[in-house]
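Structure assessment
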Amino acid sequence: MGKVVLVTGAARQLGGRFVRRIQRDPEVERVIAVDAVTPPHRLGSAEFVRTDIRQSAIARVLAEHAVDTVVHLAVTGGSAGTAGAHSTVKETNVIGTMQLLGACQKSPTVQRLVVKSSTSVYGGTSRDPAVFTETTEPKSLPAGGFAKDAAEVEGYVRGFARRRPDVAVCVLRFANILGPFADSALAEYFSIPVMPTVLGYDPRLQFVHEDDVLDVLRLAAQEPRRGTLNSGTFNIAGDGVLLLSQCARRLGRPTLPMLLPAVTWVGSALRAVGITDFSPEQMRLLTHGRVVETTQMREVLGFEPMYTTVETFADFARSRGSGLLPPELMGRAVERVAALLNVDTDTDVDVDADADADADEGAKR
């Protein structure tokens, strides 16, 4: 008999892609896809069960199908157009996880639990360390939003692991997920024509590619390979970092540096009209940034991402097309300014349309 894998959050694009991917695993006999709404995409040969994990019915699903592996992907953040549904998202994240864990605790067949979390649990303040490890305690706990949800979810998962030590539990803290199909709030922010930024800050950002997310989830859902251990908590991110200004140049989108109160006001306006979810949590990320250590991912989990942070962002940028300022023109402008200032061409120099004009004028002189 092969594995019976239950996947929550199957209606979202990441959940749907994972459902289709895990079916190709020769060790998997059946895949049960669960969500409160009917997925808009195909799920292959998986059996879809429409149920809300906030309800006790999820326990019947586990029992009826004798599920032995649970992959919990229904822990998500908001996105544009969901302003009126934030309370539902929070309930699914927190209450839904509690119900699912309660069902897993009672199930005699469940042997492995994989939970999608986020590096946002570390928070983001000026007092935080330059690099977070899995054991780093945040200077201040997240006050709200998806970061707080993820922190609460991890607390419940730790409690479950203590009550069911016979179940292998793997928590994956993903950096910002990007790729051609990305539908996160950060992807929406990178897609607006002019990107508001916080004056005086150029945060360091890390990304993980969607394809790497699918691969590491599949790895976590399997029996561990020889010399590895896929139980515990792991940071998942691509190598390297990018500054926000570098991201803007690669997208060809000008930035609009503003004082923090003004950016907060603009963010609220964008959120109100459904352009992007400019939450306080995202504001902290775009102010202070966040970088995590991934040694445990490689040495213990045994996972090596295919994409670096730079390669992940490049793939995302190609899917979004050129912005108002084509990257090649931005690059030439940066080189001209760098030649004038005698600095490297890919530092945190932020070049907007006015700087480009100044560089052209300087070159003529």
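Residues numbered from 1 in each chain as written. Predicted model: local features only at pLDDT ≥ 70, side-chain atom pairs only at ≥ 80, totals over all residues. Heavy atoms only, no water.

This paragraph deals with the sheet that holds strand 11 (residues 232–236). The strand order across the open sheet formed by seven strands is 3-2-1-4-5-6-11, and the pairing between neighbours is parallel. Bordering the open sheet on either side are strand 3 (47–50) and strand 11, each of which pairs with just one other strand. In this sheet, neighbouring strand axes are inclined to one another by 20° on average, regardless of whether the strands run parallel or antiparallel. Two elements, strand 6 (residues 168–174) and strand 11, share five bridges in a ladder whose sense is parallel. From the neighbouring strand, Phe174 faces strand 11, where its bridge partner is Ile236. Contacting strand 1 (3–8), strand 2 (28–35), strand 4 (69–72) and strand 5 (112–118), helix 1 (residues 13–22) crosses the sheet at an angle of about 165° to strand 2. (Pairing = 2+ DSSP bridges. Helix = DSSP H or I, 4+ residues; strand = E, 2+ residues; numbered from the N terminus. Axes fitted to C-alpha atoms, helices over the stretch in contact; angles between N-to-C directions. Contact = heavy atoms within 4.5 Å.)

To continue, consider the environment of Asp215. Of note, Asp215 is situated in helix 6 (residues 210–221). Contact partners of Asp215, with chain neighbours within four places excluded, come to Arg21, Phe303 and Met306.

Running from N to C, helix 7 (residues 244–251) and helix 11 (residues 309–320) cross one another at 40°; their axes reach a closest spacing of 10 Å. Handedness of the crossing formed by helix 7 with helix 11: right-handed. Residues Cys247, Arg250 and Leu251 of helix 7 form the contact with helix 11, whose participating residues are Phe313, Phe316 and Ala317. Here the contact of helix 7 with helix 11 is built from residues that sort into five nonpolar, no polar and one charged. (Left-handed = near helix turned anticlockwise from the far one by under 90°. Nonpolar A, V, L, I, M, F, W, Y, C, P; charged D, E, K, R; others polar.)

Our focus in this paragraph is helix 6. For helix 6, spanning 12 residues, the distance from its first C-alpha to its last is 17 Å, which sits close to the expected 16 Å at 1.5 Å a residue. In terms of burial, helix 6 is largely enclosed, as 10 of its 12 residues are buried. (Expected span 1.5 Å × (residues − 1). Buried < 20%, exposed > 50% of the residue type's maximum accessible area, 1.4 Å probe, protein only.)

What follows covers the pattern of salt bridges. On inspection of all chains with the given rule, the structure shows 15 salt bridges. Between Lys3 and Glu223 there is a salt bridge, with its nearest N and O atoms 3.7 Å apart. Residue Lys3 is found in strand 1, and its partner Glu223 is found in the loop between helix 6 and strand 11; the two are separated by 220 residues along the sequence. The exposure class of Lys3 is buried, given its relative accessible area of 13%. Linking Glu154 and Arg158 is a salt bridge whose minimum nitrogen-to-oxygen distance equals 3.8 Å. With a gap of four residues between them, Glu154 and Arg158 both fall in helix 4 (residues 145–163), about one helical turn apart. You can call Arg158 partly exposed: its relative accessible area is 45%. (Salt bridge = Lys/Arg side-chain N within 4 Å of Asp/Glu carboxyl O.)

For the pair helix 1 and helix 6, the least separation of the axes is 10 Å and the interaxial angle reads 50°. Taken together, helix 1 and helix 6 sit at an angle that is classed as oblique. Note on packing geometry: the crossing formed by helix 1 with helix 6 is right-handed. Touching Gln13, Leu14, Arg17, Phe18, Arg21 and Ile22 of helix 1 are Glu210, Asp211, Val213, Leu214, Asp215, Leu217 and Arg218, all from helix 6. In terms of residue class, the contact of helix 1 with helix 6 is made up of six nonpolar, one polar and six charged. (Parallel < 35°, antiparallel > 145°, perpendicular 65-115°, else oblique.)

Turning our attention to helix 1. In terms of residue burial, helix 1 counts as a mostly covered element, since eight of its 10 residues are buried. At its buried positions, helix 1 is contacted by strand 1, strand 2, strand 4, strand 5, strand 7 (176–178) and helix 6.

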